[in-house]
Amino acid sequence: MANEMWGGRFAEGPAAIMQEINASIDFDKRLAMQDIRGSIAHAEMIAAQGIIDPQSAEAIKQGLSQVKTEIESGTFTFKTSLEDIHMNVEARLADIVGPAAGRLHTARSRNDQVATDFRLWMRDTVDAIEAALADLQQALCEKALTHAGTVMPGFTHLQSAQPVTFGHHLMAYVEMLGRDRSRFRDARVRLNECPLGAAALAGTSFPIDRFATAKALGFDRPTANSLDSVSDRDFVIETLSAASILAMHLSRFAEEIVIWTTPQFAFIKLTDKFTTGSSIMPQKRNPDAAELVRAKTGRIFGGLIGILTVMKGLALAYAKDMQEDKEPTFDALDALALCIAATAGMVRDMEPEAKRMKKAAGSGYATATDLADWLVRTLKMPFREAHHVTGRIVALASAKNADLEKLTLAEMQSIEPRITGEIFSVLGVTNSVKSRTSYGGTAPDNVRKQARRWLAQLKREMRPRA
């Protein structure tokens, strides 16, 4: 039996395997609400332009409203034989309102229809991601404010470098997430153009008003070129690019959580809410939430690589290859949303082991740079010379298996006679972090100012969009 939605060109129905590979309803039914929104806007526009009569338009709108209710209530039957969400909705509309349903597809194609639906879905998803990121930033800022003065080691090469504070460390991720949010906002600006009315690829001879449709759907403007309108998936690629960078940031943080919760580090504790046990080792508390955030990055990267691969060889305009854009996108952005929520949960759940962190912050001669800076600042020593003198003092401390602050004044003066007792004021880790007052530095007062600034900014930014 021919698919009645295709018209009279095909005398026979597709082979079973063709039907299976061709159908997308199993995943594109997620576009149902966007498809109905777009169809209502289209019906209103073609009625306003006199292309269809008002009675047909009203019947279509009421019928689509019923379809929406059926889908939301779970009573709608999705049929693989009808291929996709567009045909499923239109077929059910025909059941409800009869021949008037056939007028809905005037002056449009499934090509511009799916491009519009997907942009609407992506716009909704980007807004949800940005809101979730703002919540994660808030969680980080609040934790940073509480622990602005909690000293911990700062690392380079995963080796103790200089003391910082736990709050300062968390605020680094707030900055990263701020850049992530700006990338999603930028992507949203570019995706917010309406393809509806581009039809199959060349536009239409009907006197449509694409500006009215774009406005009705909340787009800034209609797309300017009909060929580009139906063949563009940059908005998917750009969003998945931003998602991949964000996923990389979340994975870095997840890796730190995994490290920090090991008994060897023991910098933080997570409760049972975000850890699991072992089936054989009763002592284990595994940071599985963090590990899964780290692992799901691969799925998000994969979505980006998948759509890039789909698009790289396509001549203009639409090709069926582009049906492969949705499933990996849905999967990647679902995974991303879960990772953001899990990370926010872990941030609110974690508690630092302050004594352990502070002790570790002083290991590895982490205040050596403070000593060198003191030599430069107080003795007016050139930095390279101060670096050399400090290296000799560190070597002495290492030979005695002692921390820098445990050396006597006489021992340090044996290397540099001009050193005074004032040197001990910069060798403790607490004094070290307090001294880092340069803009962006780890001084606790700096951290508090930055956390409060971000919290105020988040409050302003997340007001309802006009």
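Located above this text is the structure these notes cover.
Parameters and conventions
- Residues numbered from 1 in each chain as written.
- Predicted model: local features only at pLDDT ≥ 70, side-chain atom pairs only at ≥ 80, totals over all residues.
- Heavy atoms only, no water.
- Helix = DSSP H or I, 4+ residues; strand = E, 2+ residues; numbered from the N terminus.
- Rg over C-alpha atoms; globule rule 2.2 N^0.38 Å.
- Buried < 20%, exposed > 50% of the residue type's maximum accessible area, 1.4 Å probe, protein only.
- Contact = heavy atoms within 4.5 Å.
- Core = buried A, V, L, I, M, F, W, Y, C linked by side-chain atoms within 4.5 Å.
- Axes fitted to C-alpha atoms, helices over the stretch in contact; angles between N-to-C directions.
- Parallel < 35°, antiparallel > 145°, perpendicular 65-115°, else oblique.
- Left-handed = near helix turned anticlockwise from the far one by under 90°.
- Nonpolar A, V, L, I, M, F, W, Y, C, P; charged D, E, K, R; others polar.
- 1 Å grid on protein atoms, 1.4 Å probe; cavity = no way out; pocket = protein on both sides within 12 Å on 5 of 7 lines; lining within 4 Å.
- Points joined across faces, edges and corners; volume = space filled by probe spheres on them.
- Expected span 1.5 Å × (residues − 1).
- Polar contact = N/O pair within 3.5 Å; in protein donor to acceptor, adjacent residues only side chain to side chain.
- Patch = residues over 30% accessible without salt bridge, like charges linked within 9 Å, V, L, I, M, F, W, Y side chains within 5 Å.
- Areas by Shrake-Rupley, 256 points an atom, 1.4 Å probe, with all protein chains shown as cover.
- Salt bridge = Lys/Arg side-chain N within 4 Å of Asp/Glu carboxyl O.
- Lys, Arg positive; Asp, Glu negative; His and termini not counted.
- Charge placed at Lys NZ, Arg CZ, Asp CG, Glu CD.
- Phe/Tyr/Trp six-rings, centres within 6.5 Å; stacked < 30°, edge-to-face > 60°.
- Lys NZ or Arg CZ within 6 Å of the ring centre and 35° of its normal.

Time to look at the overall build of the protein chain. Along its length, the protein chain carries 19 helices and six strands. Taken over C-alpha atoms, the radius of gyration comes to 30 Å for the protein chain, far larger than the 23 Å a tight globule of 466 residues would show. Dimensions of the protein chain, computed from the C-alpha atoms along their principal axes, are close to 100 × 50 × 40 Å. Among the 466 residues that make up the protein chain, the fraction classed as buried is 49%. Counting contacts in the protein chain only where the partners sit at least 6 residues apart, residues at least 24 apart contribute 75% of the total.

Turning next to the nonpolar core. Soluble, globular proteins show a tendency: their nonpolar side chains are buried together. Among the nonpolar cores identified, the biggest contains 93 residues, and M122, L140, F184, L246, L250, F253 and L336 are the most heavily contacted of them. Of all the elements, helix α10 (residues 234–260) adds the most residues to this core, at 15 residues. Once residues lying within four places of it in the same chain are set aside, the contact partners of M122 are L191, F235, V236, T239, T329 and L333. Of all hydrophobic cores here, the second largest spans 20 residues; its members include L371, V389, M412 and V426.

Turning next to the packing of helix α3 (residues 32–48) against helix α5 (residues 85–97). The N-to-C vectors of α3 and α5 enclose an angle of 60 degrees; their axes lie 10 Å apart at closest approach. Relative to α5, the element α3 is oriented oblique. When the axes of α3 and α5 are compared, the crossing they make is right-handed. Within the contact between the two elements, α3 uses A32, D35 and I36 and α5 uses I85, H86 and V89. Looking at the contact of α3 with α5 residue by residue, the classes come out as four nonpolar, one polar and one charged.

Further remarks concern the layout of surface pockets. There is about 490 Å³ of room inside the largest pocket. The wall of the largest pocket is formed by 22 residues, among which G154, F155, H169, A172 and E256 lie closest to the centre. Mapped onto the lining of the largest pocket, the elements with two or more residues apiece are β1 (151–156), β2 (159–165), α7 (166–191) and α10. Residues that form the lining of the largest pocket fall into these classes: ten nonpolar, eight polar and four charged.

Here we take up helix α4 (residues 54–73). Over its 20 residues, α4 runs 29 Å from end to end, which matches the ideal 28 Å to within 8%, given 1.5 Å per residue. Its buried side turned inward, α4 meets α3 and α5. The opening residue of α4 is D53, an N-cap whose side-chain oxygen sits 3.2 Å from the backbone nitrogen of Q55. Phi turns positive, to about 85 degrees, at G74, one or two residues after α4.

Along its 27 residues, α10 runs 39 Å from first to last C-alpha, staying within 8% of the 39 Å computed at 1.5 Å per residue. When you tally the buried positions in α10, you get 20 out of 27 residues, the bulk of the element.

A cluster of like negative charges, contributed by D26, D321, E324 and E327, occupies part of the molecular surface. Here E324 is to be found in the loop between α11 (288–311) and α12 (326–349).

Per the counting criterion, the structure on display carries ten aromatic pairs. Relative to F267, the ring of F265 has its centre 5.2 Å away and its plane inclined at 75 degrees; by these criteria the two rings are edge-to-face. When its relative accessible area of 23% is taken as the criterion, F265 is described as partly exposed. Through successive ring pairs, a cluster of aromatic residues spans F118, W121, F235 and F330. Over the face of the ring belonging to F219 we find R123, whose NZ or CZ atom lies 4.8 Å from the ring centre. When the ring centre of F118 is taken as reference, the NZ or CZ atom of K326 above it lies at 5.5 Å.

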